[in-house]
Each structure stands twice: as structure tokens, then as C-alpha cells.
Amino acid sequence: VTGYNPNLKPGECLKGRGQLGPDAKGFVLNLGKDSNNPCLHFKPRFDMHGDASTSACNSKDGGAWGLSGGPGSVGDVCISFGQTDLTIKLPDGYEFSFPDRLSLEAIDYLVANGDFKIKCVAFE
């Protein structure tokens, strides 16, 4: 998925279902205003940059990265957009939140890269 415009509003959830390759190293999901202003940079790492079975979350405001955080495992992903944060739910029941540091009124940008081939995207 490249440059998809989901127009996700607070209170809505984006569900992404996809397939991980057998030798997957990791992937990236960026959601936000645009490529220079993602409120969520979600980067699960299976075996990448010396990390194994971890996830990195970050945001970018006007091209400047914030502080990272948020460990977890990876599979199908559900991202709920709240008034002050985004909640990431994984299929194994693991869930964590990441603050919406940009205080966006809508998420108008979605890009996926790496070893996760998205099969479908749904909104609730």
C-alpha cells in the first residue's frame, strides 16, 4: 500500500490483514497527515538491525523524529485512532498505545513497506 488516503477519524479503527514472507525481517506502517508528518511509524522487527521480535513506534513532526518506544510481537494489525493516542492490537491479544503527538483531526496518509504484503484494509 502506498500513499493510501484512509481519512481515519478519532474513534475509528483501521484493520490490516496481510501475509508475512517466510524469511520476513520486518515491515513498516506509517499513518498520519503526510510523509513528513506520520503520527505513527510502526516498525515490527523480526530480525533487523540487531533486534529480534521487537516493535518500534515513533512519530515525525515536520520532518523531525520523536522518541521511540513500544515493544511487541507482530501479525495482523488493528490500529484504533483515539482523541489523544493510537492503540495497536495484535492477533495474540497484545495491545499497546502510542500518543498522537501531532494532535491530528484525521489520518489522511497510510503507507506500508517491507516484508508484510497487505491483502485487505477495513475500517470500523
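That block above? That's the structure.
Because the structure is a prediction, the values reported are computed rather than measured.

Trainee: It is not clear to me how unusual backbone geometry should be interpreted in this structure. Could you clarify?
Mentor: Leave glycine aside and you will find that most residues have negative phi; peptide bonds, for their part, are mostly trans. With a phi angle near 50°, Ser103 is a residue other than glycine that sits in the positive phi range. Among the structural elements, Ser103 can be located in the loop between strand 9 (95–99) and strand 10 (109–114). Looking at Ser103, the relative accessible area reads 58%, which means it is exposed.

Trainee: How should I be thinking about the environment of Asn113 in this particular structure?
Mentor: Counting through the fold element by element, Asn113 comes out in strand 10. Since its relative accessible area comes to 41%, Asn113 is described here as partly exposed. As for Asn113 and Gly26, which are separated by 87 residues in sequence, their C-alpha atoms are 9.0 Å apart. Every residue in contact with Asn113, bar those within four places of it in the chain, is listed here: Phe27 and Val28.

Calculation rules
Residues numbered from 1 in each chain as written. Predicted model: local features only at pLDDT ≥ 70, side-chain atom pairs only at ≥ 80, totals over all residues. Heavy atoms only, no water. Helix = DSSP H or I, 4+ residues; strand = E, 2+ residues; numbered from the N terminus. Buried < 20%, exposed > 50% of the residue type's maximum accessible area, 1.4 Å probe, protein only. Contact = heavy atoms within 4.5 Å.

Fair warning: the whole summary comes from geometry, so function is off the table for now.
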